[in-house]
Amino acid sequence: MGDQAQLLPGTLDLLILRAVSLGPLHGYGILLRIAQISGNALMVEQGALYPGLFRLVRQGLLKANWGTSENNRKAKFYELTVAGRKRLREETDNWNRLATAIGAALASQPEEA
Amino acid sequence: MTFFETLRFRLGSLFGRERIDAEMDDELRSHIEHRADDLERNGMARREAARRARLEFGGVAKFAEQSKEAAGGTFFESVIGDLRYAARLLKKSPGFTIVAVLTLALGIGANAVVFSVMNAIILRPLNVPDPQSLYSLEWGSGHGGMESYLDYLDIRDRNTSFDGLAGYNIDAVGLDTGDNPTRCWALSVTGNYFDVLRLQPYLGRFFHASDERGPNSAPYVVLTYSYWHTHFADDPSVIGRVVQVNKHPFTIIGVAPQGFNGTLMMFNPDFFAPFVDEEQLGDPGVLANRGVRGMFQLLGHLKPGVTPQQAAADVNAIGEYLVKSYPKIEEAPSFELARPSLYGDFLGQPARAFIAGLSLLAGLILLAACANLGSLFAARASERARELALRMALGSSHARIVRQIFTEALLISALGGAVGIWGSVMLLSAMTVWRPIPRFPLSMPFTPDSRVYLVALVLTIVSGFLFGAVPVKQVLRTDPYEIVKAGSLRSPGRKFTVRDLLLGVQIALCALLVTSSMVALRGLIRSMHSNFGFETRNALVMDTILDMAGYSGDAVPVMQKKMIEATEKIPGVTAAGLIDWVPLGNGSWHDANIFRDDATDLRPTNAFDAPVNYSISPEYLAAAQTSLLAGRNFNWTDDKTSPRVVIVNAELARRMFGGTTEALGKFFKLTDGARLQVIGVVQDGKYKNLTETPQTAMFYPLLQAPSSETAMVVRSNRDPQELTTAMRETIRGLDPGLPAPIHTWSETLGLPLFPARIATLALGVLGAMGAVLSITGIFGLAAYSVSKRKRELGIRMALGAQRKEVLEAALGRAFKLLAFGSAAGLILGLLASRVLSVIVYQATPRDPLVLAGVVLAMMLLGLVATWIPAQRAMRVDPVMLMRED
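Residues numbered from 1 in each chain as written. Chains lettered and ligands numbered in written order. Predicted model: local features only at pLDDT ≥ 70, side-chain atom pairs only at ≥ 80, totals over all residues.

Engineer: Looking at this model, I keep getting lost on the overall build of chain A. Mind explaining?
Structural biologist: When helices and strands are counted, chain A shows 4 helices and 3 strands. The N-to-C order of helical and strand elements in chain A reads α-β-α-α-β-β-α. Counting every position in chain A, which comprises 113 residues, the buried fraction comes to 28%. Pairs at least 24 apart in sequence give 52% of the contacts found in chain A among residues at least 6 apart. (Helix = DSSP H or I, 4+ residues; strand = E, 2+ residues; numbered from the N terminus. Buried ≥ 20, exposed ≤ 12 C-beta atoms within 10 Å, placed from the backbone. Contact = placed C-beta atoms within 7 Å.)

Engineer: Please explain the overall build of chain B as it appears in this structure.
Structural biologist: Each helix and strand in chain B was counted, giving 28 helices and 22 strands. Classification of the 885 residues of chain B by burial places 43% in the buried group. Considering only residue pairs separated by 6 or more positions, chain B has 81% of its internal contacts joining residues 24 or more positions apart.

Engineer: How should I be thinking about helix α22 (residues 720–734) of chain B in this particular structure?
Structural biologist: Each full turn of the α-helix corresponds to 3.6 residues, which orients residues three or four apart in the same direction. All names here are of chain B. The terminal C-alpha atoms of α22 lie 21 Å apart, and with 15 residues this matches the ideal 21 Å at 1.5 Å per residue to within 8%. Considered for burial, the residues of α22 that qualify are Leu-723, Met-727 and Ile-731. Along the long axis of α22, the arc covered by the buried residues comes to 70 degrees, so they all point the same way. When the buried face of α22 is taken as reference, the exposed residues oriented beyond 90 degrees from it are Gln-721, Thr-725, Glu-729, Arg-732 and Gly-733. Each element contacted by the buried residues of α22 is listed here: β11 (539–545), α18 (555–568), β21 (709–716) and β22 (742–744). (Expected span 1.5 Å × (residues − 1). Arc of directions from axis to C-beta.)

Engineer: What exactly am I supposed to notice about the packing of helix α6 (residues 94–123) of chain B against helix α14 (residues 398–433) of chain B here?
Structural biologist: Residues and elements named next belong to chain B. Following both chains from N to C, one finds α6 and α14 inclined at 45 degrees, their axes separated by 7 Å at the closest point. As the angle between them shows, α6 and α14 are arranged oblique. Here the hand of the crossing between α6 and α14 comes out right-handed. Residues Ala-100, Val-101, Leu-104, Ala-105, Leu-106, Ile-108, Gly-109, Ala-112, Val-113 and Ser-116 of α6 form the contact with α14, whose own contacting residues are Ile-412, Ser-413, Leu-415, Gly-416, Gly-417, Val-419, Gly-420, Ile-421, Gly-423, Ser-424, Leu-427 and Leu-428. Of the residues contributing to the contact of α6 with α14, the split by class is 14 nonpolar, 8 polar and no charged. (Axes fitted to C-alpha atoms, helices over the stretch in contact; angles between N-to-C directions. Parallel < 35°, antiparallel > 145°, perpendicular 65-115°, else oblique. Left-handed = near helix turned anticlockwise from the far one by under 90°. Nonpolar A, V, L, I, M, F, W, Y, C, P; charged D, E, K, R; others polar.)

Engineer: What should I look at first to understand the packing of α14(B) against helix α15 (residues 450–476) of chain B in this one?
Structural biologist: Helix-helix packing: each pair is described by the crossing angle between the helix axes and the interaxial distance. Residues and elements named next belong to chain B. Contact pair α14 / α15: the axes reach a minimum separation of 8 Å and the direction vectors enclose 145 degrees. Here α14 runs over α15; the crossing is right-handed. Among the residues making up the contact of α14 with α15, the classes are represented as 17 nonpolar, 7 polar and no charged.

Engineer: Sorry if this is basic, but what is going on with the interface of chain A and chain B here?
Structural biologist: The parts lose accessible area when they come together, and the size of an interface is often stated as this lost area. Opposite the 20 residues of chain A that make contact, chain B presents 19 residues. Contributions of two or more residues to the side of chain A that touches chain B are made by α2 (27–37), α3 (49–58) and β3 (74–80) of chain A. Ranked by the residues each element gives to the side of chain A that touches chain B, the list is headed by α3(A), at 6 residues. Across the side of chain A that touches chain B, the residue classes tally to 6 nonpolar, 8 polar and 6 charged.

Engineer: Would you explain the environment of Ser443(B) in this entry?
Structural biologist: Residues and elements named next belong to chain B. Residue position: Ser-443 is located in the loop between α14 and α15. The exposure class of Ser-443 is partly exposed, given the 17 C-beta atoms found within 10 Å. Measuring from C-alpha to C-alpha, the distance between Ser-443 and Met-266 comes to 5.1 Å, with 177 residues separating the pair along the chain. With sequence-adjacent residues up to four places away left out, Ser-443 is seen in contact with Met-266, Asn-268, Thr-432 and Arg-435.

Engineer: What is the right way to read the environment of Ser774(B) from this model?
Structural biologist: Residues and elements named next belong to chain B. With respect to the helices and strands, Ser-774 occurs in helix α24 (residues 750–788). For Ser-774, a count of 31 C-beta atoms within 10 Å puts it in the buried group. When the C-alpha atoms of Ser-774 and Ala-508 are compared, they prove to be 9.1 Å apart, with 266 residues separating the residues in sequence. Other than its neighbours up to four places away in sequence, Ser-774 contacts Gln-506, Ile-507, Cys-510 and Leu-861.

Engineer: So what exactly am I meant to see when it comes to the sheet that holds strand β1 (residues 25–26) of chain A here?
Structural biologist: All names here are of chain A. Here we have 3 strands laid out as an open sheet, ordered β1-β3-β2, and antiparallel in their pairing. Every interior strand has two partners, whereas the edge strands, β1 and β2 (62–68), have only one. Packed onto the sheet, helix α1 (residues 11–20) meets β1, β2 and β3 and runs at close to 100 degrees relative to β3. The strands touched by α3 within the sheet are β2 and β3, with β2 carrying the most contacts at an inclination of about 120 degrees. (Pairing = 2+ DSSP bridges.)

Engineer: I keep staring at the environment of Asn717(B) and nothing clicks. Help me out?
Structural biologist: All names here are of chain B. With respect to the helices, strands and loops of the structure, Asn-717 is situated in the loop between β21 and α22. Owing to 9 C-beta atoms within 10 Å, Asn-717 belongs among the exposed residues under this scheme. In sequence terms Asn-717 and Gly-572 are 145 residues apart; their C-alpha atoms lie 6.7 Å from each other.

Engineer: Is there a simple way to explain unusual backbone geometry in this structure?
Structural biologist: Both trends apply: most residues other than glycine have a negative phi, and most peptide bonds are in trans. Residues and elements named next belong to chain B. Even without being glycine, Asn-246 reaches a positive phi, approximately 50 degrees. The phi torsion at Lys-247 lies on the positive side, around 70 degrees, for a residue other than glycine. By secondary structure assignment, the location of Lys-247 is in the loop between β6 (242–245) and β7 (248–255). The exposure class assigned to Lys-247 is partly exposed, which follows from the 17 C-beta atoms found within 10 Å.

Engineer: Teacher, can you tell me more about the confidence of the model for chain B here?
Structural biologist: Detailed reading of the predicted model is not advised wherever pLDDT is low. Residues and elements named next belong to chain B. Per-chain confidence: chain B averages 84 in pLDDT, with 93% of residues scoring 70 or above. In this model residues 487–493 is a low-confidence stretch, pLDDT under 50, and it forms 14 contacts with partners more than four residues away in sequence or in other chains. With pTM at 0.68, the complex prediction returns an ipTM value of 0.87. (pLDDT = per-residue confidence, 0-100.)

Engineer: Just checking my understanding: could you explain helix α3 (residues 46–57) of chain B for this structure?
Structural biologist: End to end, α3(B) covers 16 Å across 12 residues, agreeing with the expected 16 Å (1.5 Å per residue, within 8%). Positive backbone phi, at 90 degrees, marks Gly58(B), one or two positions downstream of α3(B).

Engineer: Got a minute to help me understand the nonpolar core in this structure?
Structural biologist: Side chains of nonpolar character tend, in soluble globular proteins, to be buried together. Residue and element names in this part refer to chain B. Counting residues in each nonpolar core, the largest one holds 119 residues, and the members touching the most others are Val-221, Val-222, Met-712, Val-713 and Val-714. Two domains share this core, each providing at least three of its residues, namely domain 2 (131–340) and domain 4 (539–746). The next biggest cluster of nonpolar side chains, apart from the first, holds 106 residues, and it includes Ala-105, Cys-370, Leu-512 and Ala-843. (Core = buried A, V, L, I, M, F, W, Y, C linked by C-beta atoms within 7 Å. Domains from an automatic or database assignment.)

Engineer: What should I look at first to understand the pairing of β11(B) in this one?
Structural biologist: All names here are of chain B. Most of β11 is tucked away, with 7 of its 7 residues classed as buried. Summarising the sheet, β11 and β21 pair through 7 bridges and their orientation is antiparallel. What sits directly across from Ile-545, in β21, is Glu-709. Here 3 bridges tie β11 to β22, and the two strands are oriented antiparallel to one another. Its bridge partner lying in β22, Leu-540 is registered against Thr-744.

Given below as structure tokens:
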């Protein structure tokens, strides 16, 4: 695990939603998926994932079902609800706007400021 | 999550705390094992991989705890939290809480009471098997049910629609079970009565149709359960005991089932006896005379498949036959079928109309209560705008805040509902033991049952949501940033709202009710002291039926004369006289058709008039202080051997002969052709009820029209208590077996005054409810406008406004509504007094005391309602307000 960025507060939820949006995953699977889609740049501390998952379930953005994993083990699989899909879209747009704005601001030249 | 999943999750989290903990452990363990699998795949030994995975994960317990927190407390816990918070808020403003709870208690209580009454007398059928197929017969536009015994026999035997037809009558009888003759109420019922009703005795046996073998052939008594319970202490050995009914030996053969009190709602007889004994039970001649309608009601179960219309047609065909057979007696038939319990439609129709009216009223009261609470809640929401805004800004969701508001509303409605139900149960149980007319065994079995509680519960919940919903829109529109900046909700303008209109109507109704109840009360007080054509003060009435003590024929007047003579000898008695029925006494009277002296066709249609008639002893007029205007009084020589004479009242003299003096010496005829000579004219009086228009009346001498009904009027200035004792001893000296209750004459006015008393009471109660509702309504409006305009008031004060101006600004609208509403209500109330005067004698709106009373009451009401908001407006501190922002 090489160059890793610190997670901004509040971004964990967005990452979980995004990870799960590609298909039902269990907790460990979500961690792997986040690492994979961020090109191993973002690592989530393993235990810290679960409070996030439970929070999203309570908000009705995720739903959870017990199933059997690819390793043939019992695991709880998470998937997006309709509300979760909607929230993911909104949050993604927000993030993109924010990122573009921050990026533009940081890229500006001294004389322009 | 779908609704059901949510529910399952919530219920799961409510009851399955431990299961959830276990699941969480499973999930974390599964995670660690998956990690270990990965490490193993990368070449690590399993044991090492497992250790490493656990280390990497960190503190399982810590994350489990955090996860649990993130999953939120259980639903149950958060509801408890909401409740605690709501309770704290309500405790913080006890004034608001008390007003809100009382308002709602009133609304819920009123509905519970009205529904109980409806449940008891309309929804709940008679306590017999198969009540849905039980019908009674009624006829004519008046929905009467009286039928003669011979007609009953014809209808019973000729109809093909009823599975047996029974009939009954009501008799007041003397019952002596030892040496205690008391007046009791019996249902004299046909032999098939219990079999037609499909009842089984609680004890012993019933009598049956086979026991009827002609007049007085079945001297049997079946006690009601409650009479057996209260008078024989559940003693089973009473079966077979011989008791004296009107001095005739009867045998107790059974006890009716518990809860069966005859077939007339609210009338609770003491026992049942066969109708064939009616001669001994007090109504001689009913068995053999087709013209005497001596049966109170006929009833029976319809055969399966027969509709009420078919049955009515069937009975009407029998009626046609009877008219053809007995053209002089029978009238054209017009039978209908109705439910027996409220005496068919005779009482049923007005009762249903009355209860429908009451339900509507109770519904309106609850609705008004909800509207008022809604505005109180809105006022609170705007008071708390800052707090709500802060909570929203801190991330509380709208849903959470709305839930909090509803929790508060439901908490109030639960408290209000509890108080309301408690109050209505108190009231209903008081009504259940209340004997409105002591002479009659009437009671109102309004004990609430589970249906009543269910309705009250539903109403409680619905009204909680109803008034809780009022501030919701306002809260949802709230923009936290605006509020934190500006400090209050934007006021929705000063336009006249529906809520204002509603409040105005409430105030008007309240003023209307207050006016009406005061008019009624004044009328009632006046009518206690008005001139009835006899003087009720300083007079006692001893009431008996000589039949009950076995007197009959010529023995009756002999005994009556003895009673008068003995009573007159009691020291302090100035006069004692007899009359068969006291005027205004118990709602009963006799009237008889009279014909001009030259009339030859004496059919009912040809009658000149039908005056109320009484039989009196010569001493009666003096004892009653009814003044003789002209002519002479009766004396004891006006007997069967002398020509028939009559005393008429001034109204009859005027109508028939054109004046008091003109009437003297003239004659008129009765249906049987007897000629009566008018020998005297007495002043007019009230005979049937207090509000009647002048009524014609005539008096026969006791010896020419004997009656076993005996009411002795005794005039004396002695203490009624003492005199009662003396009279009782005197009567016992004459005949120890004669039941003779003694009352003051004023007490016997209970019945004629009953409608007026009930009307006054009802109006008073409704007026009080209206007042409470108006108070909460005005309070809500005033509180709302004060809290909304606090800033403005503060600025005005800072700019030097006087207290008066501030109050005007804060409470102007409330007072305007109060003034207009009261004026409208007062005018309506005065108009309504015309209607009221039908029920309450001498109810008149032209009474300065009433006008002053209403104005005073409404002003007081306004003062009470605006006191707290006014105080709050006055306490507005400009400095504090400015600093707050």
